[in-house]
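One letter stands for each residue in the lines below.
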Amino acid sequence: MDLNLIGLILSAIMGLFLLVSVLYGLIIGLKRSLRVGIYNLVLVVVLLFTCSLITNFIINFDLSSFGFTINGANTLNNAVINAIKSQEQVASIIENSPEVMDLIIKLPLMILTPLIFTVLYWLIKVVVFILSLPVKLIVVIVRRPKRDKNGNKIKVKKHHLAGAAIGLVTGLIALFATFVPIFGIGDIVTKINNYGVDSEGN
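Analysis parameters
- Residues numbered from 1 in each chain as written.
- Predicted model: local features only at pLDDT ≥ 70, side-chain atom pairs only at ≥ 80, totals over all residues.
- Heavy atoms only, no water.
- Helix = DSSP H or I, 4+ residues; strand = E, 2+ residues; numbered from the N terminus.
- Buried < 20%, exposed > 50% of the residue type's maximum accessible area, 1.4 Å probe, protein only.
- Contact = heavy atoms within 4.5 Å.
- Areas by Shrake-Rupley, 256 points an atom, 1.4 Å probe, with all protein chains shown as cover.
- 1 Å grid on protein atoms, 1.4 Å probe; cavity = no way out; pocket = protein on both sides within 12 Å on 5 of 7 lines; lining within 4 Å.
- Points joined across faces, edges and corners; volume = space filled by probe spheres on them.
- Nonpolar A, V, L, I, M, F, W, Y, C, P; charged D, E, K, R; others polar.
- Patch = residues over 30% accessible without salt bridge, like charges linked within 9 Å, V, L, I, M, F, W, Y side chains within 5 Å.
- Salt bridge = Lys/Arg side-chain N within 4 Å of Asp/Glu carboxyl O.
- Lys, Arg positive; Asp, Glu negative; His and termini not counted.
- Charge placed at Lys NZ, Arg CZ, Asp CG, Glu CD.
- Phe/Tyr/Trp six-rings, centres within 6.5 Å; stacked < 30°, edge-to-face > 60°.
- Polar contact = N/O pair within 3.5 Å; in protein donor to acceptor, adjacent residues only side chain to side chain.
- Core = buried A, V, L, I, M, F, W, Y, C linked by side-chain atoms within 4.5 Å.

Asks: Explain the overall build of the chain here, please?
Replies: From N to C terminus, the chain includes five helices and zero strands. Overall, the chain shows an N-to-C arrangement of helices and strands of α-α-α-α-α. Split into buried and exposed, the 202 residues of the chain put 26% on the buried side. Of the contacts formed within the chain by residues at least 6 apart in sequence, a portion of 72% connects residues at least 24 apart. Accessible surface computed for the chain: about 14,000 Å², of which carbon and sulfur atoms make up 70%.

Asks: What am I meant to see in the layout of surface pockets here?
Replies: Approximately 1,700 Å³ is the volume attributed to the largest pocket. Lining the largest pocket we find 41 residues, and of these Y24, I28, R32, S33 and R35 sit closest to its centre. Of all the secondary structure elements, the ones that give two or more residues to the lining of the largest pocket are α1 (3-59), α4 (100-142) and α5 (160-201). Considering every element that reaches the lining of the largest pocket, the biggest residue donor is α1, with 15 residues. Of the residues in the lining of the largest pocket, the class split is 19 nonpolar, 10 polar and 12 charged.

Asks: How should the side chain of T55 be read in this particular structure?
Replies: The topology assignment puts T55 in helix α1. For T55, a relative accessible area of 0% gives the class buried.

Asks: Mind showing me how you'd approach a positive patch on the surface here?
Replies: A surface patch of positive charge is lined by K31, R32, R35, K136, R143, K146 and K158. Ranked by the residues each element gives to the positive patch, the list is headed by α1, at three residues. Classification of K146 as exposed rests on a relative accessible area of 59%.

Asks: Got a minute to help me understand the packing of aromatic side chains in this structure?
Replies: Pairs of aromatic rings are described using the distance from one ring centre to the other and the angle between the two planes. Applying the stated criterion across every chain, the model contains three aromatic pairs. One aromatic cluster is present, built from ring pairs that chain together F17, Y121 and W122.

Asks: Honestly, the side chain of T118 in this entry has me stumped. Any pointers?
Replies: Relative to the helices and strands, T118 resides in helix α4. By relative accessible area, which is 15% here, T118 ends up buried. A polar contact of 3.1 Å, which involves the side chain of T118, links it to the backbone oxygen of A177. With sequence-adjacent residues up to four places away left out, T118 is seen in contact with A177, T178 and P181.

Asks: Please explain the nonpolar core as it appears in this structure.
Replies: Nonpolar side chains tend toward joint burial in soluble globular proteins. If you look at the biggest cluster of nonpolar residues, it comprises 10 residues: L43, V44, L47, C51, I116, F117, Y121, I173, A174 and A177. The set of elements that each furnish at least two residues to this core consists of α1, α4 and α5. The element that contributes the greatest number of residues to this core is α1, accounting for four residues. Setting aside anything within four residues of it in sequence, one finds A177 in contact with V44, F117, T118 and Y121.

As structure tokens, then:
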């Protein structure tokens, strides 16, 4: 697929994503948009600080404790490294550029961390959304509208334009959590290809 077409598709997806975020913020107003924005920001910050630890635990977990291995490797990390080293082109690169081995050792963590970051971000959002549905239903049933002294309903100003602005910020946060890791993996692949080109050139 043409790279320009891929870029165009990604741009369209990101633009649509931001448009939906802005419209959602416009509908729910400032107060709720602010809560959603803070929730997304806190989630991203927490994952930024913990995702590497989670990934490191997963890829270095001793699988032999459960009685099985992956092609003789007792951890996912070693299995990935062995699979990469078994490729003839990679073996040739390592022979011509020994420093590439340092990159290969770090490769499983470098690739899986952004993937797990994105998966955890959306998984947590989906789980929290599902769990919050009963609570929201109860609130809708129990909550009574505010009334003035005459018994008339008090209309609360939602500040829709401000909500749209916060929705835009929230959309940017979600885009960061979704696409930055993907671009990071692309950068890693580019570095590996550059090593390969340099090795063949030498």
